[in-house]
Amino acid sequence: MTSGANDKILLAVTGWDPEVWQTEFAKAAPGRKLVLDANTDKEKIRYALVWKQRQGSLAGLPNLEVIFSLGAGVDHVFHDQQIPDVPIVRIVSPDLTMRMSEYVVWQVLDHQRLGLRYREQQRQRVWREDRRQPAAHEVTVGILGLGVLGRDAAQKLRMLGFRVSGWSRRLQTIEGVTTYFGKDGLRDFLKDVDIVVCLLPLTPDTKGILSMTMFAQMKAEGPLGAPTLINAGRGGLQNEPDILAALDRGMLSVVTLDVFNKEPLPKDSPLWTHPQVMLTPHAAASSSPQALVPEIVAQIESYERGEPLKNIVDRAAQY
Ligand code: NDP
Ligand code: OXD
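Residues numbered from 1 in each chain as written. Chains lettered and ligands numbered in written order. Predicted model: local features only at pLDDT ≥ 70, side-chain atom pairs only at ≥ 80, totals over all residues. Heavy atoms only, no water.

The name that an unreviewed UniProt entry assigns to the protein is Glyoxylate/hydroxypyruvate reductase A, with the source organism given as Phyllobacterium sophorae.

Participant: Teacher, can you tell me more about the pairing of strand β1 (residues 8-13) here?
Facilitator: Along any regular strand, the residues point their side chains to alternate faces of the sheet. In terms of residue burial, β1 counts as a mostly covered element, since six of its six residues are buried. Sheet topology note: the β1/strand β2 (residues 33-35) ladder contains three bridges and is parallel. The partner of isoleucine 9 across the bridge, within β2, is leucine 34. One ladder, built from six bridges, connects β1 with strand β3 (residues 45-51); its direction is parallel. Bridged to alanine 12 within β3 is valine 50. (Buried < 20%, exposed > 50% of the residue type's maximum accessible area, 1.4 Å probe, protein only. Helix = DSSP H or I, 4+ residues; strand = E, 2+ residues; numbered from the N terminus. Pairing = 2+ DSSP bridges.)

Participant: Just to check I follow, could you spell out the nonpolar core for this structure?
Facilitator: Taken as a class, soluble globular proteins show a tendency for nonpolar side chains to be buried jointly. In terms of nonpolar packing, the biggest core is built from 51 residues, with Leu49, Val108, Ile143, Leu157, Val197 and Leu199 touching the most fellow members. Of the domains in this structure, domain 1 (8-91 + 287-305) and domain 2 (94-279) are the two that each give at least three residues to this core. Dropping the residues within four chain positions of it, isoleucine 143 is found in contact with Gly150, Ala153, Ala154, Leu157, Val164, Ser165, Gly166, Trp167, Phe189, Val197 and Leu199. In terms of nonpolar packing, the next biggest core, distinct from the first, is built from 28 residues, Phe189, Met218, Leu252 and Phe260 among them. (Core = buried A, V, L, I, M, F, W, Y, C linked by side-chain atoms within 4.5 Å. Domains from an automatic or database assignment. Contact = heavy atoms within 4.5 Å.)

Participant: Sorry if this is basic, but what is going on with the domain arrangement of the protein here?
Facilitator: It is common to give the size of an interface as the accessible area that goes away when the parts come together. You can read the domains of the protein as domain 1 (8-91 + 287-305) and domain 2 (94-279). Taking only C-alpha atoms, the centre of domain 1 and the centre of domain 2 are 32 Å apart. The partner domain 2 presents eight residues to the eleven residues of domain 1 that form the contact. Both sides of the domain 1 and domain 2 interface together cover about 670 Å² of buried area, and 57% of this is carbon and sulfur. It is Ala72, Asp75 and Ser288 in domain 1 that bury the most area against domain 2; as a group they hold 44% of the surface buried on that side. Between domain 1 and domain 2 we count one residue pair in polar contact (both at pLDDT 80 or more) in total. Residue classes in the side of domain 1 that touches domain 2 are distributed as four nonpolar, three polar and four charged. (Buried area = accessible area lost by both parts, 1.4 Å probe. Polar contact = N/O pair within 3.5 Å; in protein donor to acceptor, adjacent residues only side chain to side chain. Nonpolar A, V, L, I, M, F, W, Y, C, P; charged D, E, K, R; others polar.)

Participant: How should the site of ligand 2 be read in this particular structure?
Facilitator: In the neighbourhood of ligand 2, the contacting residues comprise Trp51, Gly71, Ala72, Gly73, Leu96, Arg234, His282 and Ala285. Alanine 72 is positioned with one of its backbone polar atoms (N or O) 2.7 Å from an oxygen atom of ligand 2. One of the backbone nitrogen or oxygen atoms of glycine 73 is found 2.8 Å away from an oxygen atom of ligand 2. Protein burial of ligand 2: of its 210 Å² of free accessible surface, 91% is covered by the chains. (Near = heavy atom within 4 Å. Areas by Shrake-Rupley, 256 points an atom, 1.4 Å probe, with all protein chains shown as cover.)

Participant: Mind showing me how you'd approach the sheet that holds strand β9 (residues 195-198) here?
Facilitator: Whether parallel or antiparallel, the strands of a sheet pair through hydrogen bonds between backbone atoms. As summarised here, the arrangement of the seven strands in space is β8-β7-β6-β9-β10-β11-β12, forming an open sheet in which the pairing is parallel. At either end of the open sheet lies a strand with only one pairing partner, and these are β8 (177-181) and β12 (277-279). The average angle at which neighbouring strand axes cross in this sheet is 15 degrees, direction not considered. In terms of strand pairing, strand β6 (residues 140-144) meets strand β7 (residues 163-168) through five bridges, oriented parallel. Within β7, the position partnered with threonine 140 by the bridge is arginine 163. Of the strands in this sheet, β6, β9, β10 (228-231), β11 (255-257) and β12 are in contact with helix α3 (residues 94-112), which crosses β10 at around 160 degrees. Here helix α6 (residues 182-191) sits on the sheet in contact with β6, β7 and β8, set at roughly 155 degrees to β7. (Axes fitted to C-alpha atoms, helices over the stretch in contact; angles between N-to-C directions.)

Participant: Could you clarify how one ought to interpret the sheet that holds β2 in this entry?
Facilitator: The parallel open sheet is built from five strands, whose spatial order is β2-β1-β3-β4-β5. One side of each edge strand has no neighbouring strand; the edge strands of this open sheet are β2 and β5 (88-89). Along the sheet face, helix α1 (residues 18-28) touches β1, β2 and β3 and points at about 155 degrees away from the line of β1. Of the strands in this sheet, β1, β3, β4 (66-69) and β5 touch helix α9 (residues 289-304), which is tilted by about 150 degrees from β3.

Participant: Help me understand the pattern of salt bridges in this model?
Facilitator: Once their charged atoms are close, side chains differing in charge can pair, the charge on each being opposite to the other. This model, assessed by the stated rule, comprises 18 salt bridges. Linking aspartate 7 and arginine 46 is a salt bridge whose minimum nitrogen-to-oxygen distance equals 2.6 Å. In this pair, aspartate 7 is assigned in the segment before β1 and arginine 46 in strand β3, connecting sequence segments 39 residues apart. Residue aspartate 7 is classed as partly exposed on the basis of its relative accessible area, which comes to 22%. The class for arginine 46 is buried, based on a relative accessible area of 6%. Through salt bridges with shared partners, a single ionic network connects Asp7, Arg32, Arg46, Glu65 and Glu304. (Salt bridge = Lys/Arg side-chain N within 4 Å of Asp/Glu carboxyl O.)

Okay, here's the thing in structure tokens:
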């Protein structure tokens, strides 16, 4: 497991500028060689750092030991049908967790305080306060996914006084948070939520879960009117035509989307201009090379000292 002077690390990314990762890597691990192309010296590649790697780009690397996802989600890794059978490590980092909790708190507060409405009133120079803003303790925020990100967001929302509930695959317990789990727990979870925050991973089990079937199980009226949806998990979790239909039928009041089935969101998507939609360009918790590269390098070093890898993905569950 010790480091060899000739070892190389493959940086396999698409859709991101590799340069900033290279720069941070050179600072954090000046003695190691990071390459963008595995074609020369395939047998020297020992680790791969990946974000939406090209199909097959990790195949045929005989000495690859670990794949590091440069994001917390790993659906982009499993998208490749030829992933070698080596451990896949994902990002779990205080920097990324804090960014996501900030995003969730920002959007929850914005909807609780009628942000979309007041921005529209400002645009039209309308001075009106005819709709009550509910207090935090009157609003239940339900979090789909109580993993690293969901738990932290739940705790921060609790600190602001919201009622918080959560749903996961297996039973989780968090102080002050009402938790539900499994397919059977979903119906009870949905019955009581005013704002649904989705922080699920995209897996074969969760694909398309944010659909009319789910919206029809939510309560019709709450302190904010119809329920609000915030999805910062993955676009593949949501059925976009169903979201638009639910908004137009009044089954959802407002929606925040950070992620989309197709990214960048196509220019002709009706989501861009819908008055009840707030959208951001997959920017809820962007991976920061400055924060993450030193953490990945530290993991490589501890692995080479013989310590176990942390944050290994469960291949069967795909998250
Ligand atoms: P974790 O793996 O720590 O948590 C995943 C949670 O989802 C767990 O609570 C898990 O349940 C639950 N879950 C998984 N499958 C199911 C299922 N079938 N039914 C019910 N619950 C399920 O992930 P993180 O919290 O670190 O990240 C979550 C996701 O956030 C990532 O996968 C990624 O897609 C997204 N993300 C988005 C970003 C953005 O900028 N928009 C940035 C970073 C991440 P259990 O606890 O029982 O295992
Ligand atoms: C992630 C992301 O998975 O940025 O970390 O989406």
